[in-house]
Structure formats: structure tokens, C-alpha cells
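Overview (structure and organization)
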Amino acid sequence: MPISLKSAYAEPEPGDGLRILVDRLWPRGLSRERMRLDAWLKELAPSHELRRWFGHDPEKWEEFRRRYFSELAAREELVAELAGKILASRVTLLFAAKDQQHNNAVALREYLEIMMRTAEQGGRTK
């Protein structure tokens with residue numbers, strides 16, 4: 001099942017399915033009700049250190065992804081739990097970053113897709 005991404009500031013839509021915030025910090029000016037949030041998985045967001053180092057600098061994107069994937073590999077149980085939700089229903093990952101192409105939700109979706117594809121093939125993820 002495809003994993004959708006959406007800004008936390010975008011209006012909720014019926015087709016969003018489960019709406020899961022994947023940022024470590026709460027989006028400024030938004031209430032849980034306005035976001036129609038189903039879950040907040042801040043434990044799957046990049047560490048404070050990695051988040052501060054990255055600073056949403058596109059020049060650091062590849063290294064950010066590498067480091068973030070390492071952090072996600074250490075959170076195997078939480079990643080598997082999220083993957084289970086994705087297999088069971090439609091999921092939209094919410095993020096607050098202004099940059100729609102270089103943010104942790106984009107990297108997390110990529111990591112999940114790799115992990116789920118590898119699992120389908122009967123292998124292990126890195």
C-alpha cells in the first residue's frame with residue numbers, strides 16, 4: 001500500500017486514512033483537532049542532534065538520510081509497528097517542514113518502502 005505524505009498544515013481529507021505525525025516537535029499553531037491526528041510517533045523522528053545538524057539544508061540531504069536510516073535501524077520494533085499499520089490501512093505521514101522534498105517524512109517513507117520490499121522478498125533490511 002502506498003504511503004502518502006502531507007504537510008501538517010494542509011487540510012485533512014477523507015482519503016488520508018490514518019494521519020500520523022512523524023516530527024519530534026509539535027507543529028506551531030496547530031491543534032490535534034485541527035490536524036485530525038490519529039497518532040504522533042515522535043520516537044521515529046530524527047534525534048535532536050541529527051535534526052539540528054541537518055537544519056533542512058538540501059546540501060546535507062544524502063548524509064542526513066544515511067544517518068537517519070541508522071537511527072531507524074536501531075528502532076526496529078517501532079518501525080515494524082508502523083509498517084504493520086501501513087499494511088493494514090491507508091496511512092498519511094504528516095510533517096511540519098516547509099521543504100516538501102528534504103524532510104524526515106520523505107526519508108522515513110523511503111526507509112519503510114525499502115524495508116517492506118525487502119521483507120516481501122524474504123530478506124533482511126539494513
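Each remark here, short or long, concerns the structure printed above.
Because the structure is predicted, anything quoted here is derived from the model rather than measured.

Rules behind the numbers
Residues numbered from 1 in each chain as written. Predicted model: local features only at pLDDT ≥ 70, side-chain atom pairs only at ≥ 80, totals over all residues. Heavy atoms only, no water. Phe/Tyr/Trp six-rings, centres within 6.5 Å; stacked < 30°, edge-to-face > 60°. Helix = DSSP H or I, 4+ residues; strand = E, 2+ residues; numbered from the N terminus. Buried < 20%, exposed > 50% of the residue type's maximum accessible area, 1.4 Å probe, protein only. Lys NZ or Arg CZ within 6 Å of the ring centre and 35° of its normal.

What follows covers the packing of aromatic side chains. This structure, assessed with the given rule, holds six aromatic pairs. Ring geometry for F64 versus Y68: centroids 5.6 Å apart, planes at 25 degrees, classification stacked. With a gap of four residues between them, F64 and Y68 both fall in helix α3 (residues 61–73), about one helical turn apart. Each member of the pair, F64 together with Y68, is buried. Of the aromatic side chains, those joined through ring pairs into one cluster are F54, W61, F64 and Y68. In this structure, K60 packs its charged tip against the face of W53, placed 4.9 Å from the ring centre. The ring of W53 has R67 lying over it, and the distance from NZ or CZ to the ring centre is 4.0 Å.

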